[in-house]
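# Observations on chain architecture
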Amino acid sequence: MKTRSTNLRVKLPVFVVVIEVIFVALYAAFVTYDEHTDARFQTNKTNPMDNAMYKDYPFFIDIQVMIFLGFGCLLAFFRLYGFGGMVFNFLMATFAIQWAILVQGYFQFCHDGKIHLGVINLINAEFACAVVLISFGAVLGKTSPLQLLVMALLEVPVFAVTEWAVLKYLRINDSGGSILIHLFACYFGLGVTFVLYRPHLNKNHAKENTTYQSDILSVMGTLFLWVFWPSFNSALTLKGDDQHRAILHTFIGLSASTLTAFALSVMLNKNGKITMADVQNVTLAGGVTVGASVDMMISPAAAYALGMMGCTACMLGYKYLSPFLARHLKIQDQCGIHNLHGLTGLISCIAGICAILMANEEVYGPSLYDLFANRAPVKGDPKLKELQMLIPSLQPGLGRTAKEQALFQVAAMFSTIGASALGGILTGFVLKLPYLASPSDDFCFDDEPFFDVPPPLKPINTIIAEDSTA
Amino acid sequence: MKTRSTNLRVKLPVFVVVIEVIFVALYAAFVTYDEHTDARFQTNKTNPMDNAMYKDYPFFIDIQVMIFLGFGCLLAFFRLYGFGGMVFNFLMATFAIQWAILVQGYFQFCHDGKIHLGVINLINAEFACAVVLISFGAVLGKTSPLQLLVMALLEVPVFAVTEWAVLKYLRINDSGGSILIHLFACYFGLGVTFVLYRPHLNKNHAKENTTYQSDILSVMGTLFLWVFWPSFNSALTLKGDDQHRAILHTFIGLSASTLTAFALSVMLNKNGKITMADVQNVTLAGGVTVGASVDMMISPAAAYALGMMGCTACMLGYKYLSPFLARHLKIQDQCGIHNLHGLTGLISCIAGICAILMANEEVYGPSLYDLFANRAPVKGDPKLKELQMLIPSLQPGLGRTAKEQALFQVAAMFSTIGASALGGILTGFVLKLPYLASPSDDFCFDDEPFFDVPPPLKPINTIIAEDSTA
Amino acid sequence: MKTRSTNLRVKLPVFVVVIEVIFVALYAAFVTYDEHTDARFQTNKTNPMDNAMYKDYPFFIDIQVMIFLGFGCLLAFFRLYGFGGMVFNFLMATFAIQWAILVQGYFQFCHDGKIHLGVINLINAEFACAVVLISFGAVLGKTSPLQLLVMALLEVPVFAVTEWAVLKYLRINDSGGSILIHLFACYFGLGVTFVLYRPHLNKNHAKENTTYQSDILSVMGTLFLWVFWPSFNSALTLKGDDQHRAILHTFIGLSASTLTAFALSVMLNKNGKITMADVQNVTLAGGVTVGASVDMMISPAAAYALGMMGCTACMLGYKYLSPFLARHLKIQDQCGIHNLHGLTGLISCIAGICAILMANEEVYGPSLYDLFANRAPVKGDPKLKELQMLIPSLQPGLGRTAKEQALFQVAAMFSTIGASALGGILTGFVLKLPYLASPSDDFCFDDEPFFDVPPPLKPINTIIAEDSTA
């Protein structure tokens, strides 16, 4: 393994250029503007300020910050792998978004043989990108950029197909993406890292540690994610009160999980001190936990409780489950995504199911059938007409009961976990191809193989001395 | 003092868990949705895009960045207390916001026995949180996280009561929060630090200094605050031209104070160089100074002049007043909040009073009585009817004259200073309880007692050598 | 040169205070509110939420982040010049904006003898500021803050006159500012650096290098610019679908150029590794390249191709052209602005001209004459009436053909390059005045002459030892 070359001088450019030529051809052949982007569709009756962009763009920009700065800084926590964390995140994110625009476009935004593009597609593509970046957390520091690109190349279509099938056939409620984003990303990543198992890394690795500076940088990433998370969870809800609730619940959930994280971090530390890795990760658990019920009338107290529960599960996972998985199940989950996205995602699903079972007209009024669109009466049902007297815009639904909807959520949960784990394992086997320049164990968590790293800092006095002699 | 334990393993978790249980109970019992968040209130006539969230959320998100990233980075300037500055800020902010939602909710958003919640409450709670974080600046590096939580626990209600009393009984104009936010926070913090006086810290402390990296990080915090400050000062103004003016004035004031800060920094430095602490703090003075008159028709030139004046007062305060306060009045104001928030806040109040005295219908048109709502004629006054012909939405006011309004501003200023100083002093005595794990003098400005700090950096060559032998 | 004093204790404060007194007088005499900021203009029929601020402010705030955090971090890449990069950027930006408000105000927003101010002026001023900061990149590390202020003082009016003349007389399409912002800034900066040529800097300079930390900081700056660039390119387009397209194209262009940059960086590196300077700069090329045609119906594939082309030109420029310019033409372009803004700007102009030549009613519908306002028929033309049946708001234009418009674009390109290069050269001569405290060659790329730099880090153990003996 140690003698395998990590030189990318030919491989990476060839891979990227081939991909780019294919992409530009596909964009030219199939991608066009949607009705809010195309000049021809604007008539005299179109009010420019009603353009859909004005509703979506603020959320898009917030998610941009999360993807590029939030994930980028968060993943730069290793002492010698700061470039890798931040820059590979940048590389994968841009690649995954371009690719997701095409694949999601094919499944979700395609009519008349064309993919129709607007800012809404970019938001969806950034969600697909978030999936890839979460999975990246499982293999951080153990993969070459070429492996990461191949992983994104394979993960995006598996995700897009799963997303499309779940949304089209199971038709679930999951505004915050707890099932489709967090569970998918988690089990895909675990599948990959299971196949890429490196026994030597279970011992202490000399480079698997942080510095004062890298810890601070990583906390900044956490703060970027924390601050903008309400936009992430509410970007794709219905507009109006639904989106308003999603913002509130996310904020309250995050806030509760942050406070809990500090308490548990101190309690579980043998010296009663705060562990920076907990501040960087566990504080965010609440954002995931409220996800599946984020736009429902769960009450602010429930959002608070969900934040506390998600945080507790996440913290215990880091303390006890991750070491167990690494030692006994060959799952080396580098950033602990199973704790931050898996366990919390499962809690979120269960909470979502409870919220669905308890939802009724008394609490939601007639807009129950807007939010739970599948529970709206079917076409022809006299109840539909009654409701349409109250809400003329109401579309006929599937007439599902609360219990039926709950069962579909369960089905979505399991099929997502299954599809993602399988996809991850298969992807892992592809990533083992020797061509892909995987770093040796010694050079894990190290920028050296892939970056021109500046030499270590000489003391400033030396430099000044050199100058004065020059 | 040196032997007192700073181990938080039991104390902090117990405190936090008790608080959280109480909070979740209070949220469950008293907190519900407001009319823009509750699904039941949405009828067919509600346009989702008219939801109040769309007006408030962009400002909320900008303030989020200021609170978590702005303050967080700014306070991380000490060489060995970067974790403390950034992470304790994170901890206190989340705690203060949760608590403020309840307390402010009780005083300002409570009807039918319930606190009604929307994004607007979050903005108000973040203002309360800003108050706590400014006060934190006075005791930075000298307090345990438990002390900080207790301080937030006590400061938020004192602030909320003061805010409520001033807004309800004195009814002042203070859109940028110069009186209620900056003066309150400043004198509360000074009160606390006065009681926590540590004579040894007046000598040079070995850890009370910065590094190249920490200075840069702190400037980033300044830039986050600078960039988003217009949103802070305009978040709670009337919509439309008032908010527009608030943005303009804040930008111009900040811009003028920044330029002035560079000039004064170089002038007052004995080598004619720029002092980084000035760049980090004094540049921001203009944002406070325009606060009290930020939505009035003061003219862009006046905003410019206010920026210059605030900056000058702030700079002279850092140079001459802070050392005096520390030596002779036992007020060790760690970040110099008396310069950045106190002196500038006082100037802002005076400027606000001048602007109020000069306000007339000639300059404002009839919307004078919108902006200065207390000057609107009382119910039954024939002048009210005349005005309502021009502005049908105008509410009856108190018929105050400009002079009366000015006197109420003065009263608000003094009562705020009095309430906050008293509250701060009492809080200081509570913080002296031995239970609260205050660090010894030697461990001030040091992360060591409260964080698992990564060991200092070994040279990279050593690591590589270790690896190759492994 | 070595003996010249860099002490600014008198010079800088005098310069700044004189400027500020003049500015405050000019603001007082000539600057007032526009119709969206002035309370008198608000009548009962004004809907506060229709205030122009709500359309402009989100874009303004995004550009703020780019100017202060994006440029600030990006320019802080030198190991010993981090303060200089970030803080001089802050200083120049605030100064340039204040000054641009006056100068652009005089040329573009002046009527009734007054400059009328709203957020839209701030956006325009931030564009002028971006021009100054791009030019700054050419002389980074080789100039005193006083020189930089003088440069901004001279560049802003030259830019404002050029902008005004081009927009008023040539009337071009350039929403992303490829001609007016990027080409102007580039050739002005090259003009300045040509005159300030320092032969000794062509040899390796001991301080002209980066550290691990400074490289990461600089990538963060890149990410800030990357994330918000769509707002930069779309801030001044027509509202509605035009702005929507500008966002899409910028995102796609950036995304394509980022992926290409990684491929080329690895390919051109002799060890097949990623060069951080490429990640910091070349990834952004696509944002410039799509600029001139950013709001046109060029198709997403064309935006993708433009990103790839711009990135390739930029990368080859860094590799081959910059060293050539420095050695043979005395143009020491410190940050390679000729690659990132010049070459890409030229490609963008050519692409814009192609897009203009291909624009027709079939693709754009009648809104062709909105976007290409100069192609609208002249007053009295019967075709105008026909079009006004479809678009009543359509203004009479100049009746230009596509070819005529293309020729005007060419004229604008050459006159902008000419004006900026000449302005830059003349400014360079002014900057050579000995009064302006230029640093000696040895102290280039060094904060030492202008900042109180904290002493180098002593090992933490030493400090703890000192404490325990204290």
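Calculation rules
Counting of residues starts from 1 at the beginning of each chain's written sequence and follows it residue by residue. All chains are assigned letters beginning at A, and all ligands numbers beginning at 1, according to the order in which they are written. In keeping with the predicted nature of the model, local features appear solely for residues at pLDDT of at least 70, side-chain atom pairs appear and are counted solely at 80 or more, and the whole-chain, interface and lining totals rest on all residues. Side-chain figures throughout are based on the complete set of non-hydrogen atoms in the structure, without hydrogens or water. Starting at the N terminus, helices and strands are each numbered in turn, a helix being any DSSP run of H or I of at least four residues and a strand any DSSP run of E of at least two. The atom set for the radius of gyration is the C-alpha atoms, and the globule formula is 2.2 Å times the number of residues raised to the power 0.38. Working definition: with a 1.4 Å probe on protein chains only, accessible area under 20% of the residue-type maximum means buried, over 50% means exposed, and in between means partly exposed. Accessibility throughout is a Shrake-Rupley quantity obtained with a 1.4 Å probe, and a residue counts as covered only by protein chains that appear here. UniProt positions are given in the numbering used here, feature names are shortened, and annotations may be inferred rather than shown by experiment. When DSSP finds two or more bridges between a pair of strands, those strands are recorded as paired. Contact criterion: two residues are considered in contact whenever any of their non-hydrogen atoms come within 4.5 Å of each other. To obtain an axis, a line is fitted to C-alpha atoms, over the contacting stretch when the element is a helix, and the angle between two such axes runs from 0 to 180 degrees between their N-to-C directions. Least squares is the method for superposing the copies, and the C-alpha atoms it fits come from residues with pLDDT of at least 70 in both. Summed over both partners, the accessible surface that disappears when two parts come together, traced with a 1.4 Å probe, is what is meant by buried area. The rule for a salt bridge is simple: a side-chain nitrogen of Lys or Arg has to be within 4 Å of a carboxyl oxygen of Asp or Glu. Within this analysis, patches are made of residues with over 30% relative accessible area and no salt bridge. Like charges are joined at 9 Å or less; nonpolar side chains (Val, Leu, Ile, Met, Phe, Trp, Tyr) at 5 Å or less.

Bringing the overall build of chain A into the picture now. Along its length, chain A carries 17 helices and 3 strands. Relative to the compact-globule value of 23 Å for 470 residues, chain A shows a C-alpha radius of gyration of 24 Å, a close match. A principal-axis box enclosing the C-alpha atoms of chain A has dimensions of 90 × 55 × 45 Å. With 470 residues in all, chain A has 66% of them scored as buried. Within the structure as shown, chain A displays about 15,500 Å² of accessible surface, and the carbon and sulfur contribution to it stands at 66%.

Attention now goes to the UniProt feature "domain: Ammonium transporter AmtB-like" (unreviewed entry) in chain A. Per the UniProt record, "domain: Ammonium transporter AmtB-like" (unreviewed entry) is annotated on residues 23-433 of chain A. As annotated, residues 23-433 of chain A has a helix share of 68% and a strand share of 2%, and its two end C-alpha atoms lie 24 Å apart.

What follows deals with the sheet that holds strand S1 (residues 31-33) of chain B. Residue and element names in this part refer to chain B. The mixed open sheet is built from 3 strands, whose spatial order is S1-S3-S2. Looking at strand neighbours, the two that pair on one side only are S1 and strand S2 (110-111), the edges of this open sheet. Set on the sheet, helix H3 (residues 82-108) makes contact with S1, S2 and strand S3 (114-117); between it and S3 the angle comes to about 110 degrees.

With that settled, the discussion passes to the relation of the copies chain B and chain A. Overlaying chain B with chain A gives an RMSD of 0.0 Å, the required rotation being 120 degrees about an axis along which the chain moves by 0.0 Å. The transformation just described matches what one would write down for a three-fold rotation axis. When you check the interface residues of chain B against chain A, a mere 7% turn up at the interface there too, and the two sides of the contact use different surfaces.

What follows concerns the interface of chain C and chain A. Taken together, the contact between chain C and chain A spans 72 residues of the former and 70 residues of the latter. Surface buried jointly by chain C and chain A totals about 6,400 Å² across both partners, of which 72% is contributed by carbon and sulfur atoms. It is Tyr212(C), His244(C) and Leu259(C) in chain C that bury the most area against chain A; as a group they hold 11% of the surface buried on that side. On the surface where chain C and chain A come into contact, there are 1 salt bridge. With its nearest N and O atoms 3.6 Å apart, the salt bridge here joins Lys273(C) to Glu448(A).

Residues Val10(A), Val14(A), Val18(A) and Ile22(A) make up a contiguous nonpolar surface patch of roughly 340 Å² in combined accessible area. Here Val14(A) shows up in helix H1 (residues 11-30).

What follows deals with the pairing of S3(B). Residue and element names in this part refer to chain B. Sheet topology note: the S1/S3 ladder contains 3 bridges and is parallel. Paired with Tyr33 across the strands is Leu117, a residue of S3. Direction of pairing for S2 relative to S3: antiparallel, over a ladder of 2 bridges. Within the sheet, the bridge partner assigned to Cys110 lies in S3 and is Ile115. What sits between the antiparallel neighbours S2 and S3 is a turn of 2 residues, in which Asp112 has the positive phi angle 55 degrees.

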